[in-house]
Amino acid sequence: MKTSSLICFMFCFIYVYSVTAAVSKKTCWDEKYTMKSCHKVFCAPWQRCVDGKCICKLPYQCPRNKTIGACSVDGRSFLSYCQLKSAECSNPKYRFFSESPCSGKFEMFLKNITGGPESKEGIVKIKLPKHNKEFFVCSEKWTITEANIACQQLQFPKGATNGELNYNILEEDEKEEECLQVTCRGFESTLAECTIKKSTSKRNERAGVSCYNKTSECIEGQFSCVNGKCISHNETCNGQNECGDLSDELCCTECVNSFHCKSDVCIPRSYVCNGEVDCIGGEDEVGCESKIIHDDRETSVEDNEKSNAVDYDIDAERRLIKESISKLTCGVSKEHTRVKRIIGGHKAEKNQFPWQVAIKDGTKINCGGIYIGGCWVLTAAHCVRADQAKRYRIIVELLNRLEYDKDIDSFPVKSVKVHEHYDPNTYENDIALLEAENIYKEPACMQVDNNLLAACVPWSPYQFKAGDTCTVSGWGRGDGLSKVFHLKWGHINLMDNCSAIYKERFFDKMECAGTYDGSIDSCKGDSGGPLICRDAENVAYVWGVVSWGENCGLAGYPGVYTKVASHFEWISRHVGRQLIAKHNI
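Here, residues in each chain are numbered from 1, in the same order as that chain's written sequence. Where local features are concerned, this predicted model is filtered to residues with pLDDT of at least 70; where side-chain atom pairs are given and counted, the filter is 80 or more; whole-chain, interface and lining totals use all residues. Hydrogens and water are ignored here; the side-chain numbers use all heavy atoms of the structure.

*Asks:* It is not clear to me how the overall build of the protein chain should be interpreted in this structure. Could you clarify?
*Replies:* Each helix and strand in the protein chain was counted, giving six helices and 29 strands. Exposure classes here rest on a 1.4 Å probe applied to the protein chains alone. A residue is buried below 20% of its type maximum, exposed above 50%, and partly exposed in between. A buried classification covers 55% of the 585 residues belonging to the protein chain. Here the protein chain has roughly 26,400 Å² of accessible surface; of this, 48% comes from carbon and sulfur atoms. Here a strand is any run of E in DSSP of at least two residues, a helix any run of H or I of at least four, and the numbering for each starts at the N terminus. Here the Shrake-Rupley method, with its probe set to 1.4 Å, supplies the accessible areas, and only the displayed protein chains count as covering residues.

*Asks:* So what exactly am I meant to see when it comes to the side chain of T236 here?
*Replies:* Residue placement: T236 occurs in the loop between β14 (230-232) and β15 (259-261). Residue contacts are counted whenever heavy atoms from the two residues lie within 4.5 Å of one another. Contacts of T236, omitting those with residues within four sequence positions, involve F223, I231, D248 and E249.

*Asks:* What's the story with empty space enclosed by the protein in this structure? I'm lost.
*Replies:* Rolled over the atoms, a probe as big as a water molecule pinpoints where empty space is left. Using only the protein atoms, space was sampled on a 1 Å grid; points where a 1.4 Å probe fits but cannot get out form cavities, open sets with protein on both sides within 12 Å along at least five of seven lines form pockets, and lining residues are those with an atom within 4 Å of a point. Grid points are joined across faces, edges and corners, and a volume is the space filled by probe spheres set on the points. Across all of its chains, the model carries six cavities of 30 Å³ or more by this definition. Here the largest cavity defines a volume of roughly 130 Å³. Surrounding the largest cavity, 14 residues form its lining, K350, N351, F353, E397 and L398 being those nearest its centre. Counted by class, the lining of the largest cavity contains seven nonpolar, four polar and three charged residues. Each residue receives one of three labels: charged for Asp, Glu, Lys and Arg, nonpolar for Ala, Val, Leu, Ile, Met, Phe, Trp, Tyr, Cys and Pro, and polar for the others, Gly being one of them.

*Asks:* I keep staring at helix α5 (residues 568-575) and nothing clicks. Help me out?
*Replies:* Two residues of an α-helix separated by three or four positions point the same way, owing to the 3.6 residues in each turn. Burial within α5 is extensive, with six of its eight residues counted as buried. Residues of α5 that are buried include every one of F568, E569, W570, I571, S572 and V575, and no others. With its phi angle positive at about 95 degrees, G576 sits one or two positions after the end of α5.

*Asks:* Where do I start with the packing of aromatic side chains in this structure?
*Replies:* Classification of ring pairs uses Phe, Tyr and Trp, with its six-membered ring standing for Trp, and accepts pairs whose centres are within 6.5 Å; under 30 degrees between planes counts as stacked, over 60 as edge-to-face, and the remaining range as tilted. A full pass over the atoms with the stated rule returns 14 aromatic pairs. An angle of 75 degrees between the planes, with centres 5.3 Å apart, marks the rings of W46 and Y81 as edge-to-face. Of this pair, W46 sits in the segment before β1 (47-50) while Y81 is found in helix α1 (residues 81-88), placing the two residues 35 residues apart along the sequence. Geometrically, the ring pair formed by F411 and Y440 is edge-to-face, given 6.0 Å between the ring centres and 85 degrees between the ring planes. Residue F411 is found in strand β22 (residues 409-418), and its partner Y440 is found in the loop between β23 (432-436) and β24 (469-474); the two are separated by 29 residues along the sequence. If you follow K40 out to its NZ or CZ, it ends over the ring of Y462, 3.9 Å from the centre. If you follow R185 out to its NZ or CZ, it ends over the ring of Y271, 4.1 Å from the centre. Sitting over a ring, as applied to charges here, requires NZ of Lys or CZ of Arg to be within 6 Å of the ring centre and within 35 degrees of the ring normal.

*Asks:* What exactly am I supposed to notice about the nonpolar core here?
*Replies:* Nonpolar side chains in soluble globular proteins tend to be buried together. Residues belong to a common nonpolar core when they are buried Ala, Val, Leu, Ile, Met, Phe, Trp, Tyr or Cys residues joined through side-chain atoms within 4.5 Å. Core analysis: the biggest nonpolar cluster contains 90 residues, and L378, I394, M446, L531 and I571 have the highest contact counts within it. Of all the elements, strand β28 (residues 540-548) adds the most residues to this core, at seven residues. When residues no more than four places from it in sequence are discounted, the contact partners of I394 are V357, A358, V377, D409, S410, F411, V413, L434, A436 and M446. Within the second largest apolar cluster, 42 residues are counted, among which are C62, C82, F97 and L191.

*Asks:* How do you make sense of the sheet that holds strand β18 (residues 356-361) when you look at a structure like this?
*Replies:* Within a sheet, each strand pairs with its neighbour through backbone hydrogen bonds, oriented either parallel or antiparallel. Strand pairing follows a simple DSSP-based rule, namely that at least 2 bridges must link the two strands. On the basis of which strands lie adjacent, the closed barrel formed by six strands has the order β18-β19-β20-β23-β22-β21 and antiparallel pairing. Here the strands of the sheet are splayed against their neighbours by 40 degrees on average, with no regard to which way each runs. When strand β21 (residues 392-396) meets β22, the two strands line up antiparallel, connected through four bridges. Within the sheet, the bridge partner assigned to V396 lies in β22 and is D409. Axis geometry follows a simple rule: fit a line to the C-alpha atoms, using only the stretch in contact for helices, then measure angles between N-to-C directions, giving values from 0 to 180 degrees. Sheet contacts for α5: β19 (364-373), β20 (376-379), β22 and β23; angle to β23, the most-contacted strand, approximately 20 degrees.

*Asks:* Could you clarify how one ought to interpret the sheet that holds strand β4 (residues 77-78) in this entry?
*Replies:* Across the sheet, which stays open at both edges, the three strands sit in the order β4-β3-β5 with antiparallel pairing between neighbours. Across the chains shown, the open sheet's two edge strands, defined by having one partner strand only, are β4 and β5 (96-99). Bridging between strand β3 (residues 70-72) and β5 involves three bridges; their strand directions are antiparallel. Bridging across to β5, C71 finds its partner in S98. Packed onto the sheet, α1 meets β3, β4 and β5 and runs at close to 25 degrees relative to β3.

*Asks:* Please explain the state of the cysteines as it appears in this structure.
*Replies:* Linking two cysteines covalently through their sulfur atoms gives a disulfide. Working definition: a disulfide is two cysteine sulfur atoms within 2.5 Å of each other. On inspection of all chains with the given rule, the structure shows 20 disulfides. There is a disulfide in this structure between C273 and C288, and the S-S distance comes to 1.9 Å. Torsion about the S-S bond of the C273 and C288 cystine: about -80 degrees, corresponding to left-handed handedness. Of this pair, C273 sits in the loop between β16 (265-267) and α3 (314-324) while C288 is found in the loop between β16 and α3, placing the two residues 15 residues apart along the sequence. Note on C288: relative accessible area 18%, which makes it buried. Each sulfur in the disulfide pair C330 and C456 lies 1.9 Å from the other. Torsion about the S-S bond of the C330 and C456 cystine: about 105 degrees, corresponding to right-handed handedness. Pair noted here: C330 is in the loop between α3 and β17 (346-347) and C456 is in the loop between β23 and β24, with a separation of 126 residues, a long-range link. C456 shares its class with C330; the two are buried.

Take a look at the structure:
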């Protein structure tokens, strides 16, 4: 039997391997994801991602640069829209209504169809802070997204029903051709936060809503939103936020009339190639001829500034805030070029894997590791001992174990952090961190006078999936258990749950990867090394840490890796979130 030190080195042709799980596992829908689930979506700029949930930042944590101040519904002025939204998290009275200085009032109400004062149905009318006139909302492009925001503003938390959204106007109102074009993203608390422009419409109808106030359970044929709203199953996975909390669009293997993110999320087609990454893998902005910001739902008939009914451009402000948040630089090789898929292992070239390190235990190199930034290296728990830090050294830029050149550097280890729930009998939670001594006394720590580069740490278990081709590298044994001195690498494929193969030895926080016939495998010496997957923008993430498997090159028994995304919070607690959080800091 192959132990965790006898991990096979795998290189292969494309193969999508699937097995049926032997044990019952939670489905994506069971996880009850919403627009605040950062395993599926990006958090808003005034939020940060913690343990898979978007939680609110404090106002002082917002970027300092700003465009213009913002006002809340209670008349309080904030330095920026981000600060206002942060404050709103603790108190709803801080909802946005206009830019500063605070004057006037934004009002939204329904012109009742039934005539009852408590009616939840009617035609939407808006009064802007700097206008005395009441405006109808244009029916063109008014969708369930905007209707949900309108109803939530009227204190119907589940939003609107996806029935009739446009209503015929009365004869006395027919002369009112001027109306407001409203476009929302879905995260807003009021229509005041949406993009609002003056327009005209000669249609005999205007935008309206029928707010959802049912409390009964969903019946057969209906989808139960996380917020308790019931919608038709036909209304799921179409890029439209019918639920109001986005829960109907976050676990979709296919999308109807919308764009399918690899993480099984459906987004509107208008979000594709708009200059803003909406899929967590970035595929919605790949292959775009230009990064022009546009919104094909906008129907304003005027091009001058007067066409904008509200001077404050919320969407532009949100983008500015998002762009102002510092982005972590990781996972992009300085001289990296794509290589064609190969069969069999190849020798690595100098600096081809700038995050690959070797871990020297005494006089021998028995394991590999992955540099993730600062003074920190990720490896397998079975490679190290928490109380014996002095016996290890981290070797940087090593290519051939028999040929040391001037570029090779090494760092003594200051501390070893082994996962507290590591089980040496099952290799569950087989992950550890090495903290290097800052021998150069520089802020860059290990990145001094070398080409070392951090691999990105994935925060979501949905960033990559079965069938994706990833890369493994190391100095592990070759064919016939022959010694390998030169760093080798090769492509392998992620596979579906391997519990059917390894039975009770395969756990949730493990990942399978390899080939069906075992023609490419890895052996002794690869443990602790990287399984690197690249997103749509070619950014390298350490998706797995080489852990264990069944013999070397045995057909039908792929290698098993520690799934790094499942340990993001554990890693961040030790190294600091800002060191590894590429997004959602």
